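Chain and residue survey
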Amino acid sequence: MADRPAWRHIPSGVVFRAIPGGTFHMGLSDAELDAVRDIEQADAADDDLGTFFAGAARARPVREVRVAPFLIARHPLTVAQARHWLPEYEDSFAAADSSTARFEEDLDDLLEAMPFRLPSEAEWEYAARAGTTTLTHLGNDIPGENQVLDDFADEQRIATAENAFGLAAMGSSNEVCADVWIPHFTDAPMDARPRTGDGPRVVRGGGGDLSPWQGCDEWLLLLSATRSEFEMFTAVRPVAAMPTSQRHAGHGDKT
C-alpha cells in the first residue's frame, strides 16, 4: 500500500493510515483565492465563479491549528464495510459492494454501532492537505475528473490518488465531519476540537457525487478548503485513536 504503514480493523476490513501531529493553516487562503482567480482569468473555468468568491467567507478567516496524531480511514467506508455494522444497509446508487457507501437517515445508526468516530473538520482538512498549501494536494491546477474515485476495489487506482499521508480520494465523496455547521471560522478553536451545537453537521468534498461531471465547475468540491452544510446524504471516513504499538488489539494487524 504505497509503502506506508496501515492498520486494518480485521472484522470490517477498514484500513487506517497514521496521521502525524503538527500545525497547519486551516481555511481558504489569499493565495488559494488568487489561484482560483488565475483559473478564471485563463478561461479554464466552466462558468463565472462569482458564487464561489461570494461564499469564500465560509472558509475564512484562515488560522493556525494544532492537530494531535490520529488514525483515519484510507478511503470512505464501502458498502461492504458499512454492512459489517448495519447488515441491512442498502444503497441503490452503489454500483458494487466495493463502492462508497452513502448514508442518510441511517447515519446515526452507523455512528452508534461503529467503534470509531467522525473526524473533526480540522482533522479532515489537515489530512486532505497532507502538508500542502495549494488548492488540492496535487497543486493549483484544476483537478481532473479522473481523480474522482467511486470503486475502491482497484488498489492500483487508489494508490495513484493517495496524498502524502496515504489517503485516497480526499474531496471525491461528500464526507461528514463531527462539527456542527457554522458558516465561518471566526472564533474557531486553535486545536482540532470539533465545534459543537445544534444543527446540521459540516461536510467536505463531493466532486465524485456529481460524476460524471456536467461542466458546472464540480472541481471546486475537490479543493482542500471547500466546506458545506450536510443536507441529503454523506459518506463516512472514520477516525480512530493512534495505536500504542505495532500490533493493537482494537485494530488487528498492521499491514
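Shown above is the structure to which this text applies.
Attention here is on the structure that accompanies the text. (Residues numbered from 1 in each chain as written. Predicted model: local features only at pLDDT ≥ 70, side-chain atom pairs only at ≥ 80, totals over all residues. Heavy atoms only, no water.)

So, about the sheet that holds strand β6 (residues 175-180). Pairing is antiparallel across the open sheet formed by three strands, whose spatial order is β6-β7-β8. Strands with a single pairing partner mark the edges of an open sheet, and in this sheet they are β6 and β8 (227-229). Direction aside, the axes of adjacent strands within the sheet are offset by 40° on average. Note: strand β7 (residues 201-204) against β8, three bridges, orientation antiparallel. Pairing of V202 across the sheet is with E229, part of β8. (Pairing = 2+ DSSP bridges. Helix = DSSP H or I, 4+ residues; strand = E, 2+ residues; numbered from the N terminus. Axes fitted to C-alpha atoms, helices over the stretch in contact; angles between N-to-C directions.)

On to the pattern of salt bridges. Summed over all chains, the structure comprises 16 salt bridges. A salt bridge links D30 to R60, with the shortest nitrogen-to-oxygen separation between them at 2.9 Å. Placement of D30 in helix α1 (residues 30-41) and of R60 in the loop between α2 (50-54) and β4 (63-67) is noted, with a sequence separation of 30 residues between them. R193 is the partner of D191 in a salt bridge, and the nearest nitrogen-oxygen pair spans 2.8 Å. Relative accessible area serves as the criterion here: at 28%, D191 is assigned to the partly exposed category. Here R193 falls in the exposed class, since its relative accessible area comes to 53%. Several salt bridges share partner residues, and in doing so they unite E32, E121, E125, R129, R204 and R227 into one network. (Salt bridge = Lys/Arg side-chain N within 4 Å of Asp/Glu carboxyl O. Buried < 20%, exposed > 50% of the residue type's maximum accessible area, 1.4 Å probe, protein only.)

Let's shift gears to the pairing of strand β5 (residues 70-73). Neither face of β5 is open: one carries F70 and I72, the other L71 and A73, and all of them are buried. Pairing of strand β2 (residues 14-19) with β5 involves four bridges; the strand directions are antiparallel. Among the inter-strand pairings, R17 is bridged to a residue of β5, identified as I72. Two elements, β5 and strand β9 (residues 239-240), share two bridges in a ladder whose sense is antiparallel. Paired with L71 across the two strands is A240, which belongs to β9.

Next up on the list: α1. Helix length check: α1, at 12 residues, gives a terminal C-alpha distance of 16 Å against a target of 16 Å (1.5 Å per residue), a fit within 8%. Every buried residue of α1 is accounted for by E32, L33, A35, V36 and I39. With its buried residues spanning 155° around the axis, α1 presents them on a single face. Turned more than 90 degrees off the buried face of α1, the exposed positions are A31 and Q41. Looking at the buried residues of α1, the elements they touch are α2 and α5 (121-129). Backbone geometry just downstream of α1 places D43 in the positive-phi region, at approximately 60°. (Expected span 1.5 Å × (residues − 1). Arc of directions from axis to C-beta. Contact = heavy atoms within 4.5 Å.)

Ranked by size, the top nonpolar core spans 41 residues in total, and within it F52, F70 and W219 carry the most contacts. Of all the secondary-structure elements, those providing two or more residues to this core are β3 (22-26), α1, β4, β5 and α5. Tallying contributions element by element places α5 first for this core, with five residues. The contact partners of F70, leaving out residues within four places of it in the chain, are R17, A18, I19, E123, Y126, A127, V239, A240 and M242. If you look at the next biggest cluster of nonpolar residues, it comprises 24 residues, including L77, M114, L118 and F230. (Core = buried A, V, L, I, M, F, W, Y, C linked by side-chain atoms within 4.5 Å.)

With antiparallel pairing, the four strands of this open sheet are ordered in space as β1-β2-β5-β9. Each edge of the open sheet is held by one strand with a lone partner, namely β1 (6-9) and β9. Along the sheet, α5 makes contact with β2, β5 and β9, crossing β5 at roughly 75°.

For the rest of this paragraph, the subject is the pairing of β2. When you tally the buried positions in β2, you get five out of six residues, the bulk of the element. Pairing geometry for β1 and β2, over four bridges, is antiparallel. Following the sheet pairing, A6 is matched in β2 by R17. The hairpin formed by β1 and β2 contains four residues between the paired strands, and G13 there has a positive phi angle of roughly 85°.

Without other data, these values stay purely geometric and don't point to any function.
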